[in-house]
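# Residue-level structure breakdown
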Amino acid sequence: MTHRCSECGALFDDPQGCWQAFGALLEREFVDAAYGRVHHLTVTTYMLQHPTRLSRRGWLEMRELLRLHLRDGISVAGWRSRVRSGGVNSAKGWKIKPDGTCLNAAVGWPWPITVASIALEDPEVYGEQIQAWAASTLHEAEQIPAE
Ligand SMILES: [Zn+2]
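Residues numbered from 1 in each chain as written. Predicted model: local features only at pLDDT ≥ 70, side-chain atom pairs only at ≥ 80, totals over all residues.

### Structural notes on the overall build of the chain
- The number of helices and strands found in the chain is six helices and two strands.
- Each helix (α) and strand (β) of the chain, taken in turn from the N terminus, gives the series β-β-α-α-α-α-α-α.
- Its C-alpha atoms give the chain a radius of gyration of 15 Å, within 12% of the compact-globule value 15 Å for 147 residues.
- Across the 147 residues of the chain, 27% fall into the buried class. (Helix = DSSP H or I, 4+ residues; strand = E, 2+ residues; numbered from the N terminus. Rg over C-alpha atoms; globule rule 2.2 N^0.38 Å. Buried ≥ 20, exposed ≤ 12 C-beta atoms within 10 Å, placed from the backbone.)

### Observations regarding helix α6 (residues 123-141)
- With 19 residues, α6 extends 26 Å between its outermost C-alpha atoms, agreeing within 8% with the 27 Å of an ideal straight helix rising 1.5 Å per residue.
- By the burial criterion, the buried members of α6 are Y126, I130, W133, A134, T137 and A141. Mapping the buried residues of α6 onto a view down its axis gives an arc of 100°, with all of them on the same face. Facing away from the buried side of α6, by more than 90 degrees, are the exposed residues E124, V125, E128 and H139. (Expected span 1.5 Å × (residues − 1). Arc of directions from axis to C-beta.)

### With respect to the nonpolar core
- Among the nonpolar cores identified, the biggest contains 27 residues, and C18, F22, W59, M62, V115 and I130 are the most heavily contacted of them.
- Listed by contribution, the elements that provide at least two residues to this core are α1 (17-31), α3 (39-48), α4 (56-72) and α6.
- Not counting the four nearest positions on each side in its chain, V115 is found in contact with C8, A10, C18, A21, F22, L25 and Y46. (Core = buried A, V, L, I, M, F, W, Y, C linked by C-beta atoms within 7 Å. Contact = placed C-beta atoms within 7 Å.)

### Describing the environment of L68
- By the element assignment, L68 lies in helix α4.
- The exposure class assigned to L68 is partly exposed, which follows from the 15 C-beta atoms found within 10 Å.
- Put simply, L68 and G100 are 32 residues apart on the chain and 27 Å apart in space, counted from C-alpha to C-alpha.
- Beyond its immediate stretch of four places on either side in the chain, L68 contacts I74 and W79.

### Overview of the packing of α4 against helix α5 (residues 76-85)
- At their nearest, the axes of α4 and α5 sit 10 Å apart, and the two run at 160° to each other. When the interaxial angle is binned, α4 and α5 end up roughly antiparallel. The crossing of α4 and α5 is right-handed. Counted together, L65, L68 and H69 of α4 and W79, R82 and V83 of α5 form the full contact between these two elements. (Axes fitted to C-alpha atoms, helices over the stretch in contact; angles between N-to-C directions. Parallel < 35°, antiparallel > 145°, perpendicular 65-115°, else oblique. Left-handed = near helix turned anticlockwise from the far one by under 90°.)

### Topic: α3
- Considered for burial, the residues of α3 that qualify are L41, T42, T44, T45, Y46 and L48.
- At its buried positions, α3 is contacted by α1, α4 and α6.

So yeah, pure geometry; function would need other evidence.
See below:
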């Protein structure tokens, strides 16, 4: 039986298929630096497509970070320091993880590219696929109203 992920819409044979596919990408990225180069994009893109795994503010912040990185060329190091100074792990009154708020408008958005289209066959191709997935996701995410 085919299962459709209720958040990103990707199709899998297993109800846990989407999360497992994401896990397989992360596993490869951790053991092989040639894959790990795009780790920041993989995580941000997957999370944007799975809004219930974030707080509403976390989703908006992730979108902003992806925009800064892809459009304005903010480095990964600059990005990380922005995440830290944004108060993700401090007491600034919000957190990136689910907190009862959620950007519901993003749940089930018809994303043209999902984790299901990413192949782990070659690190060069993988990097290009992740870049295309991130760019496509940012383009779509910018059309999702914040309210
Ligand atoms: Zn999904």
